[in-house]
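Observations on the model geometry
Next come the chains, spelled out residue by residue.
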Amino acid sequence: MKESERIMKKFHIISFSSAALAAAMLMASGPAAAIDEEAAMHLARANNCFKCHSVMKTKEGPAWSEVAKKYHDKSNGQKRLVEHLTTGEKAKFPDGHQEDHKIIKTNPPNDAAQIKNLADWILAL
């Protein structure tokens, strides 16, 4: 093996190790690390959210990926989504009509951590 090949091989190993370490640190320190996807999907299923929403496709309600795009860069995105999920405020439909959005129920009742996890999961899509 030539010296230049040996140096490039060491460089690739170091680069890969550094990238892996950086990714692990970001995942461990960022808010996404706290998201329990399984619990969020369980809560969504228990509240029949998938009747009107889908992760990627617009149904009666917007796709959650679109909701994530809408609130991604807003400092109050999580707060706004939690409010929408817990207050029964009006949901606006493409044809112009409005309906009260279903209030998400948790077990135990009014578990803010479960609601926050659901909101964070949606925002992470």
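Up top is the structure these notes are about.
It should be emphasised that the depicted structure is a prediction, and the values quoted were computed from it without experimental measurement. (Residues numbered from 1 in each chain as written. Predicted model: local features only at pLDDT ≥ 70, side-chain atom pairs only at ≥ 80, totals over all residues. Heavy atoms only, no water.)

Brief notes about the packing of helix H3 (residues 64-71) against helix H5 (residues 112-124)
It is at 7 Å that the axes of H3 and H5 come closest, and there the two elements cross at 90°. Relative to H5, H3 is oriented roughly perpendicular. Contacts between H3 and H5 involve Trp 64, Val 67, Ala 68 and Tyr 71 from the former and Trp 121, Ile 122 and Leu 123 from the latter. Split by residue class, the contact of H3 with H5 holds seven nonpolar, no polar and no charged. (Axes fitted to C-alpha atoms, helices over the stretch in contact; angles between N-to-C directions. Helix = DSSP H or I, 4+ residues; strand = E, 2+ residues; numbered from the N terminus. Parallel < 35°, antiparallel > 145°, perpendicular 65-115°, else oblique. Contact = heavy atoms within 4.5 Å. Nonpolar A, V, L, I, M, F, W, Y, C, P; charged D, E, K, R; others polar.)

Considerations on the nonpolar core
Ranked by internal contacts, the top residues of the largest apolar core, which has 16 residues, are Trp 64, Leu 81, Ile 104, Leu 118 and Ile 122. Per-element accounting of this core gives the leading share, six residues, to H5. Ignoring sequence-local partners within four residues, the contact set of Ile 122 consists of Trp 64, Val 67, Ala 68 and Leu 81. (Core = buried A, V, L, I, M, F, W, Y, C linked by side-chain atoms within 4.5 Å. Buried < 20%, exposed > 50% of the residue type's maximum accessible area, 1.4 Å probe, protein only.)

Focus: the environment of Cys 49
With respect to the helices, strands and loops of the structure, Cys 49 is situated in the loop between helix H2 (37-46) and H3. Classification of Cys 49 as buried rests on a relative accessible area of 10%. Discounting chain neighbours no more than four positions away, the residues touching Cys 49 are Ala 44, Trp 64 and Ile 104.

Describing the layout of surface pockets
Its volume calculated, the largest pocket comes out at about 780 Å³. Lining the largest pocket are 29 residues, with His 53, Pro 62, His 84, Ala 91 and His 101 positioned closest to its centre. Elements with a minimum of two residues in the lining of the largest pocket: H3, helix H4 (77-87), strand E1 (90-92) and strand E2 (98-100). Top element by residues in the lining of the largest pocket is H3. It accounts for five residues. When its residues are assigned to classes, the lining of the largest pocket shows 12 nonpolar, six polar and 11 charged. (1 Å grid on protein atoms, 1.4 Å probe; cavity = no way out; pocket = protein on both sides within 12 Å on 5 of 7 lines; lining within 4 Å. Points joined across faces, edges and corners; volume = space filled by probe spheres on them.)

Points about the pattern of salt bridges
Taken as a whole and judged by the stated rule, the model has five salt bridges. Here Glu 66 ties to Lys 69 by a salt bridge, and the two come within 3.4 Å at their closest N and O atoms. Of this pair, Glu 66 and Lys 69 both sit in helix H3, three residues apart, roughly one helical turn. Judged by relative accessible area, Glu 66 falls into the partly exposed class, the value being 40%. Between Glu 83 and Arg 80 there is a salt bridge, with the nearest N and O atoms lying 3.4 Å from each other. Of the two residues, Glu 83 and Arg 80 both sit in helix H4, three residues apart, roughly one turn of that helix. The class for Glu 83 is partly exposed, based on a relative accessible area of 35%. Here the residues in one salt-bridge network are Arg 80, Glu 83 and Glu 89, joined through shared partners. (Salt bridge = Lys/Arg side-chain N within 4 Å of Asp/Glu carboxyl O.)

Considerations on the packing of aromatic side chains
Geometrically, a pair of aromatic rings is defined through the distance of the ring centres and the angle of the planes. Within the structure shown, the criterion is met by two aromatic pairs. Their ring planes at 70° and their centres at 5.6 Å tell us that Trp 64 and Trp 121 sit as a pair that is edge-to-face. Of the two residues, Trp 64 sits in helix H3 while Trp 121 sits in helix H5, which places them 57 residues apart along the sequence. Three or more aromatic residues joined by ring pairs form one cluster here, namely Phe 50, Trp 64 and Trp 121. (Phe/Tyr/Trp six-rings, centres within 6.5 Å; stacked < 30°, edge-to-face > 60°.)

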